[in-house]
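One-letter residues, chain by chain:
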Amino acid sequence: MYGPLPGDQAGPLKRPTPWRRRPATHRAGQLHGGAGGHLRLGRKGLAIGIDIGGTKVAAGVVDAEGRILSEARRSTPGTDPRAVEQVIVELVEELGRGHRIWSVGIGAAGWMDLAGGTVLFSPHLAWRNEPLRDNLQRLLRRPVLLTNDADAAAWAEWRFGAGHGEDRLVCITLGTGIGGAMVMDGRVERGRFGVAGEFGHQIIMPGGHRCECGNRGCWEQYASGNALGREARLLARSNSPMAQDLLAAVGGHPEAITGAIVTELALAGDPASRELIEEVGEWLGLGLANLAAALDPGLFVIGGGLCSAGDLLVEPARKAFARNLTGRGFRPAAGIELAALGPNAGLIGAADLSRVSSRVRS
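These figures come from a predicted structure and were not determined experimentally. (Residues numbered from 1 in each chain as written. Predicted model: local features only at pLDDT ≥ 70, side-chain atom pairs only at ≥ 80, totals over all residues. Heavy atoms only, no water.)

### What to know about the pattern of salt bridges
Summed over all chains, the structure comprises 14 salt bridges. Salt-bridge contacts for R82 lead to E130; the nearest nitrogen and oxygen are separated by 2.1 Å. Placement of R82 in helix α1 (residues 81–96) and of E130 in strand β8 (residues 128–130) is noted, with a sequence separation of 48 residues between them. Judged by relative accessible area, which is 9%, E130 ranks as buried. Note that E337 and R318 form a salt bridge whose closest N and O atoms lie 3.6 Å from each other. With E337 in strand β14 (residues 335–338) and R318 in helix α8 (residues 311–324), this residue pair connects regions lying 19 residues apart in the sequence. Overall, E337 belongs to the partly exposed group, its relative accessible area being 37%. Residue classification places R318 among the partly exposed residues on the basis of a relative accessible area of 27%. (Salt bridge = Lys/Arg side-chain N within 4 Å of Asp/Glu carboxyl O. Helix = DSSP H or I, 4+ residues; strand = E, 2+ residues; numbered from the N terminus. Buried < 20%, exposed > 50% of the residue type's maximum accessible area, 1.4 Å probe, protein only.)

### Observations regarding the packing of aromatic side chains
For the structure on display, the rule yields four aromatic pairs. Judged by centre distance (5.3 Å) and plane angle (55°), the rings of W111 and F121 are tilted. Of the two residues, W111 sits in strand β6 (residues 111–112) while F121 sits in strand β7 (residues 119–121), which places them ten residues apart along the sequence. W111 gets classed as partly exposed once you look at its relative accessible area, which sits at 24%. Ring centres 5.3 Å apart and planes at 40° place the aromatic pair W155 and W158 in the tilted group. Separated by three residues within a single helix, W155 and W158 lie in helix α3 (residues 149–160), roughly one turn from each other. We classify W155 as buried; its relative accessible area is 0%. Positioned over the ring face of Y222 is R230, at 6.0 Å from the centre of the ring. (Phe/Tyr/Trp six-rings, centres within 6.5 Å; stacked < 30°, edge-to-face > 60°. Lys NZ or Arg CZ within 6 Å of the ring centre and 35° of its normal.)

### A short note on the pairing of strand β2 (residues 46–52)
The buried count for β2 comes to seven of seven residues, which makes it a mostly enclosed element. Both faces of β2 are covered, namely the face carrying L46, I48, I50 and I52 and the face carrying A47, G49 and D51. Taken together, the seven bridges between β2 and strand β5 (residues 101–108) define a ladder with parallel strand orientation. The partner of A47 across the bridge, within β5, is S103. Across six bridges, β2 lies against strand β3 (residues 56–62) in antiparallel orientation. Bridge pairing in β3 places G49 opposite G60. From the end of β2 to the start of β3, which pair antiparallel, there are three residues. (Pairing = 2+ DSSP bridges.)

### Comments concerning the sheet that holds strand β9 (residues 144–148)
Taken in spatial order, the five strands line up as β4-β3-β2-β5-β9 in an open sheet, and their pairing is mixed. What marks the edges here is a single partner per strand, and that holds for β4 (68–75) and β9. This sheet shows a mean twist of 15° between the axes of neighbouring strands, independent of strand direction. Where α1 meets the sheet, it contacts β2, β3, β4 and β5, and its direction lies at approximately 150° from that of β4. Sheet contacts for α3: β2, β5 and β9; angle to β9, the most-contacted strand, approximately 95°. (Axes fitted to C-alpha atoms, helices over the stretch in contact; angles between N-to-C directions. Contact = heavy atoms within 4.5 Å.)

### Overview of the environment of G107
Mapped onto the elements of the fold, G107 is located in strand β5. For the pair G107 and A153, spaced 46 residues apart in sequence, the C-alpha to C-alpha distance is 8.3 Å. Beyond its immediate stretch of four places on either side in the chain, G107 contacts I50, D51, I52, T147, N148, D149 and A350.

### What to know about the sheet that holds β6
Taking strand neighbours across the sheet as the criterion, the three strands line up as β6-β7-β8 in an open arrangement whose pairing is antiparallel. Of all strands in the sheet, those bounded by a partner on one side alone are β6 and β8. The sheet contact formed by β7 and β8 spans two bridges and is antiparallel. From the neighbouring strand, F121 faces β8, where its bridge partner is R128.

### A few points about the layout of surface pockets
Volume-wise, the largest pocket comes out at about 640 Å³. G53, D149, T173, G175 and T176 are the residues nearest the centre of the largest pocket, which is lined by 38 residues in total. At four residues, α3 tops the list of elements feeding residues into the lining of the largest pocket. Among the residues making up the lining of the largest pocket, the classes are represented as twelve nonpolar, 19 polar and seven charged. (1 Å grid on protein atoms, 1.4 Å probe; cavity = no way out; pocket = protein on both sides within 12 Å on 5 of 7 lines; lining within 4 Å. Points joined across faces, edges and corners; volume = space filled by probe spheres on them. Nonpolar A, V, L, I, M, F, W, Y, C, P; charged D, E, K, R; others polar.)

### Here's the deal with the side chain of Q221
Following the sequence through the fold, Q221 ends up in the loop between β12 (187–188) and α4 (225–237). Here Q221 falls in the buried class, since its relative accessible area comes to 12%. Those residues in contact with Q221 that lie beyond four places of it in its chain are H209, R210, C211, E212, A227 and R230.

Structural data, given as structure tokens:
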């Protein structure tokens, strides 16, 4: 096994000052509850980070300061685990030709076991108890770290982005679905069994839309890129005059409308697309209020592809959050900010985690 768990990363070990953000400091040489080694935070070697989502696989060579030196992308062959592994091998070989690579970090959309070796389940990919880390280490012949893609994004934002210095950080990634992660006192918090942070599958509308996880009414069915595309297609099929620009953008074929197309039109000023994004933002804010009641973070960082909508999404979310926050008016409230690293946060975080979690035996 290479390195400790993603939940066992080195970082600031300090008691938080309530309601204040402070500059992060890093302390190496401590493992969370473990013996037999120490961590070296900030190793200078290069690492490859790979972010496996429901529709694309993004990869990049990342240095110790979180800068991407080169990158490549592929479509996700979601129905075949072996095909996904082959795509990863191709990307590592392509990116490794011009760089000396220390390790590879994989951020994957799914639930990992606590040992960080097996993908227990992925709602959007064909992984069921898949020993992905061992498979890839055999194919790549180099150290591989496997973590949830949202955990990787949260780590990147805490290390290099919008969450830098926040003792209680919750990161939400909006893409095909909703990912979530927590960085608490400089550690990725994965829970007792390694599957914490699956916020997108909290049931927010009992009996609502069917989710790929098997339940109905999950949050990601109302506040994700897929949800945005679905609602836009329903509007277009209704022959509403509001949907004229949407239909024109796809040649009159409603089934071709995606969340990305709606976002592009909204940024260009289309009123219907803006209204659709505002509805998604309201659902986002409602879910964040629920999380604040349970976790009481200092900051929510919103990332993923859907955050390219910017304030069109975040302002309705802030309003809905303030309107639904329990104890509103009598408690400090978490901030809500857009991720600073954009859609690259997952691959940056995966690469950095693979570098800093390399175990050095005492």
